[in-house]
Amino acid sequence: VLAMVPFQILSLWVRAVRWRWMSLSLSPEPLPLRALFRATALAFMAVNVLPFRLGELARPWLLAQETDVRGAAALGTLVLERAIDFTCVSLLGGVVLLVHAGAMPPWVSSGAVIFAAFTCVPIALVVALRVNEAGTLRLVDALLRPFPIALRERVMDLVSEVCRGLAGLRGWRATSRVVLHSALLWGFVLP
């Protein structure tokens, strides 16, 4: 257990640094690493205590308490982060299945295909929002027409802020840093 403590702290720090690169669209200046690390560490503690990984929702709220970033926009960066993490896990699982395909029973291979399909859903959502954000917002607005105007405006405000958070990967530099930190996190720190 004591040997794992430094790796756990390192993984939280790598996550905070990666989150900083994903949140460049939330503020004119990069967010303070200390606030990102603190929000990450406290939220992961809450994940271990609360059911259904509800502690993940604490991250944007904690970050909003320490910075001028809105919680809904920070939530958008977490959606992006989860899509990246699902991709990394799928790639690792795919490599394992590829290497050991002959030794696996057929149900494992079919389960891997289903898992890969579920992994593509958040990635497709992120790509759709990045490709045509205005069209996506129009579609959400059209789906909300039967609801009261106050509720519709509140939901549209929330969706707009989430889209703002999803815009975090702007440019080659930020994208390459996020890929590098994801590879470091999933390739060396967590296994």
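Residues numbered from 1 in each chain as written. Predicted model: local features only at pLDDT ≥ 70, side-chain atom pairs only at ≥ 80, totals over all residues. Heavy atoms only, no water.

### Focus on the nonpolar core
If you look at the biggest cluster of nonpolar residues, it comprises 15 residues, and the most contacted ones within it are Trp 19, Leu 36, Leu 63 and Ala 74. For this core, the secondary structure elements donating two or more residues are helix H1 (4–22), helix H2 (33–49), helix H3 (58–66) and helix H4 (71–99). Take this core: its biggest share by element is four residues, from H2. Beyond its immediate chain neighbours, meaning those up to four positions away, Leu 63 contacts Trp 19, Leu 31, Ala 35, Leu 36, Ala 39 and Ala 74. Leu 80, Ala 174, Leu 185 and Trp 186 belong to the second largest nonpolar core, which has 11 residues in total. (Core = buried A, V, L, I, M, F, W, Y, C linked by side-chain atoms within 4.5 Å. Buried < 20%, exposed > 50% of the residue type's maximum accessible area, 1.4 Å probe, protein only. Helix = DSSP H or I, 4+ residues; strand = E, 2+ residues; numbered from the N terminus. Contact = heavy atoms within 4.5 Å.)

### A short note on the environment of Trp 186
Within the secondary structure layout, Trp 186 lies in helix H8 (residues 171–189). We classify Trp 186 as buried; its relative accessible area is 19%. Taking C-alpha positions, Trp 186 is 34 Å from Asp 157, a pair spaced 29 residues apart along the chain. A polar side-chain atom of Trp 186 sits 2.9 Å from a polar atom in the side chain of Asp 85. (Polar contact = N/O pair within 3.5 Å; in protein donor to acceptor, adjacent residues only side chain to side chain.)

### Some words on the pattern of salt bridges
In this structure the tally under the stated criterion is 14 salt bridges. Among the salt bridges present, the one from Arg 15 reaches Asp 85, with a minimum N-O distance of 3.3 Å. Highlighted residues: Arg 15 in helix H1 and Asp 85 in helix H4, separated in sequence by 70 residues. On the accessibility criterion, Arg 15 (7% relative accessible area) is buried. Of the charged contacts, one joins Glu 56 and Arg 82 as a salt bridge, the two residues approaching to 2.8 Å between their closest N and O atoms. Separated by 26 residues along the polypeptide, Glu 56 in the loop between H2 and H3 and Arg 82 in helix H4 bring together distant segments of the chain. On the accessibility criterion, Arg 82 (22% relative accessible area) is partly exposed. (Salt bridge = Lys/Arg side-chain N within 4 Å of Asp/Glu carboxyl O.)

Don't take any of this as a statement about function, it's just geometry.
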